[in-house]
Amino acid sequence: MRPKVLVARAVFADAVERLREHFEVESNDADEIWHQAELIRRLQGKAGLFITGTQLIDADLLASCPLLRAICSMAVGYNNVDLPACTARGVLVSNAPDVLTETTADFGFALMMATARRISEGERFLRSGRWVKWSYDLFAGADIHGATLGVFGMGRIGQAIARRGALGFGMRVLYHNRSRLSPDIESTLGATHVTKQQLLRDSDHLVIVVPYSPASHHAIGAPELALMKPTATLTNIARGGVVDDAALAQALRDKRIAAAGLDVFEGEPAVHPGLLEVPNVVLTPHIASASIPTRRAMAHLAVDNLIAALGAGPSAGRPPTALNPEVLAQR
Ligand code: DGY
């Protein structure tokens, strides 16, 4: 009998078709948002699960689904998955790194530019019919070229943003990361490692790209915002929860910083009401990786992982981007 697999959210039909070549597949083509009990109910008898970054995989779910052997996500971030609990139960987990790096960096840069140059405010103004004359200071914002870019979290996406800033826009690049880059990568990117305090104090445009974990929860809150320049912008394309949205809304209201660009939110898709009230914030619905080719590549990478993790296809037993490959050795 072929293993059974659940696809928890709607995804490209050709990706689901590839799974059907190997497995008996139940897919969520209607893209319903299943509550946890419904997800667990549908997982009964399933060996594999295809997820996005929005399903919670915790110890309770794992205990309720003893046949589960592989959980493959099309997201790079996996803060929704209790990885140690999966490893303890011998469940392989994979994410989707690399394929989204450049697209996400493009978007981070675009959001930072829209924020600094007040593009959303300007468009809202024009659409509302209030534009009656040119003025010397109409939506005058901050420059990007030649400014100081601060990158908080210097993984693959952080480095791709730094490269755009240094090579494309002549920016001075500062970064803060748990581990420092090698001197040759630092010199290629023209990036200087600084303390978190210095990053906050010196950046004209701060971009948050650090993964969410209990350690990064509210890494940017009121005390950190208080260190920033009043002319600075903050862009968050990492995860909601890294920034304290209530504190940020207050800082934007008080003009403690000039503006923010946010693609991710604490408790999304809900958005802190204070953020909806202030004009100096550009808000987008978690779409940093959302180009069609990239979303397709992310989905197919998750499919590659699921096929291989369940022992099928040309890479059987060797899922390409496993987060806990050690579980395979125990099988
Ligand atoms: C990711 O891949 O982590 C993106 O944020 C989409 O969830």
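Fair warning: this is a prediction, and the values are worked out from it, not measured in the lab.

Student: Describe the sheet that holds strand β11 (residues 259-262), naming the residues involved and giving the relevant values.
Tutor: The seven strands are arranged β8-β7-β6-β9-β10-β11-β12 in an open sheet whose pairing can be described as parallel. Taken across any chain shown, the strands that pair with only one partner, and hence form the sheet edges, are β8 (191-193) and β12 (281-283). Shown here is a sheet whose adjacent strand axes are inclined to one another by a mean of 20°, direction ignored. Helix α5 (residues 101-116) contacts β6 (148-152), β9 (205-208), β10 (233-236), β11 and β12 of the sheet and is inclined by roughly 150° relative to β10. Across the face of the sheet, helix α11 (residues 245-253) comes into contact with β10, β11 and β12 while running at roughly 145° to β11.

Student: Now, about the domain arrangement of the protein: what can you tell me, with residues and values included?
Tutor: The domain architecture assigned to the protein consists of domain 1 (4-97 + 292-330) and domain 2 (101-283). Here domain 1 and domain 2 have C-alpha centroids that lie 32 Å from each other. Of the residues lining the interface, five residues belong to domain 1; the matching set on domain 2 comes to four residues. Surface buried jointly by domain 1 and domain 2 totals about 440 Å² across both partners, of which 49% is contributed by carbon and sulfur atoms. Ranking the residues of domain 1 by area buried against domain 2 places Asn79, Pro97 and Thr294 at the top, with a combined share of 75%. Inspection of the region where domain 1 meets domain 2 yields zero salt bridges. On the surface where domain 1 and domain 2 come into contact, there are two residue pairs in polar contact (both at pLDDT 80 or more).

Student: I'd love a proper account of unusual backbone geometry, names of residues and values included.
Tutor: Excluding glycine, most residues fall at negative phi; most peptide bonds, likewise, are trans. Residue Pro269 follows Glu268 across a cis peptide bond; omega there is 10°. In this structure, Pro269 sits in the loop between β11 and α12 (273-277). One non-glycine residue, Asp98, lies in positive phi territory at about 70°. Residue position: Asp98 is located in the loop between β5 (92-94) and α5. You will see that Lys255, though not glycine, has its phi angle at about 60°, which is positive. Relative to the elements of secondary structure, Lys255 occurs in the loop between α11 and β11.

Student: So what about the site of the ligand? Which residues, and what values?
Tutor: Taken together, the neighbourhood of the ligand is formed by Ala75, Val76, Gly77, Leu100, Arg239, His286 and Met298. Side-chain polar atom of Arg239 to an oxygen atom of the ligand: 2.7 Å apart, as the coordinates give it. One of the side-chain nitrogen or oxygen atoms of His286 is found 2.7 Å away from an oxygen atom of the ligand. When the free accessible area of the ligand is taken as 230 Å², the share hidden by the protein chains comes to 85%. The class makeup of the residues in the shell around the ligand is four nonpolar, two polar and one charged.

Student: Explain helix α7 (residues 156-169) to me, using residue names and the numbers behind them.
Tutor: Its 14 residues place the ends of α7 19 Å apart at the C-alpha level, agreeing with the 20 Å of an ideal helix rising 1.5 Å per residue. Ile157, Gly158, Ala160, Ile161, Ala162, Arg164, Gly165 and Ala166 are the residues of α7 that are buried. As for α7, its buried residues are in contact with α5, β6, β7 (172-176), α8 (183-189) and β9. Just beyond α7, the residue with positive phi is Gly170, at close to 60°.

Student: If you had to explain the sheet that holds β5 to someone new, which residues and values would you point to?
Tutor: A sheet is described by the order of its strands in space; here five strands give the open sequence β2-β1-β3-β4-β5, paired in parallel fashion. Two strands in the sheet have a free side with no partner beyond their single neighbour: β2 (24-27) and β5. Adjacent strand axes in the sheet meet at a mean angle of 15° when their direction is disregarded. Relative to β2, strand β1 (residues 4-7) runs parallel, the two sharing four bridges. Paired with Val5 across the strands is Val25, a residue of β2.

Student: Pulling in residues and values, what's your account of the confidence of the model for the protein?
Tutor: Here the protein averages 97 in pLDDT, while 100% of its residues score no lower than 70. Of all the helices and strands in the protein, helix α14 (residues 326-329) carries the lowest mean pLDDT, 94, while β10 carries the highest, 99.

Student: Would you mind going over the pairing of β9 in detail, with residue names and values included?
Tutor: Looking along a regular strand, one sees side chains alternate from face to face of the sheet. Burial of β9 is two-sided: the residues His205 and Val207 facing one way and the residues Leu206 and Ile208 facing the other way are all buried. Where β6 meets β9, four bridges bridge the pair, whose relative direction is parallel. Residue pairing in the sheet places Val151 in a bridge with Val207 of β9. With four bridges joining them, β9 and β10 adopt parallel strand pairing. Residue pairing for β10: His205 is matched across the bridge by Thr233. With helix α10 (residues 222-227) bridging β9 and the parallel β10, this β-α-β connection has right-handed handedness.

Definitions and cut-offs
Residues numbered from 1 in each chain as written. Predicted model: local features only at pLDDT ≥ 70, side-chain atom pairs only at ≥ 80, totals over all residues. Heavy atoms only, no water. Pairing = 2+ DSSP bridges. Helix = DSSP H or I, 4+ residues; strand = E, 2+ residues; numbered from the N terminus. Axes fitted to C-alpha atoms, helices over the stretch in contact; angles between N-to-C directions. Contact = heavy atoms within 4.5 Å. Domains from an automatic or database assignment. Buried area = accessible area lost by both parts, 1.4 Å probe. Salt bridge = Lys/Arg side-chain N within 4 Å of Asp/Glu carboxyl O. Polar contact = N/O pair within 3.5 Å; in protein donor to acceptor, adjacent residues only side chain to side chain. Near = heavy atom within 4 Å. Areas by Shrake-Rupley, 256 points an atom, 1.4 Å probe, with all protein chains shown as cover. Nonpolar A, V, L, I, M, F, W, Y, C, P; charged D, E, K, R; others polar. Expected span 1.5 Å × (residues − 1). Buried < 20%, exposed > 50% of the residue type's maximum accessible area, 1.4 Å probe, protein only. pLDDT = per-residue confidence, 0-100. Right-handed = clockwise from strand over helix to strand, strands pointing away.

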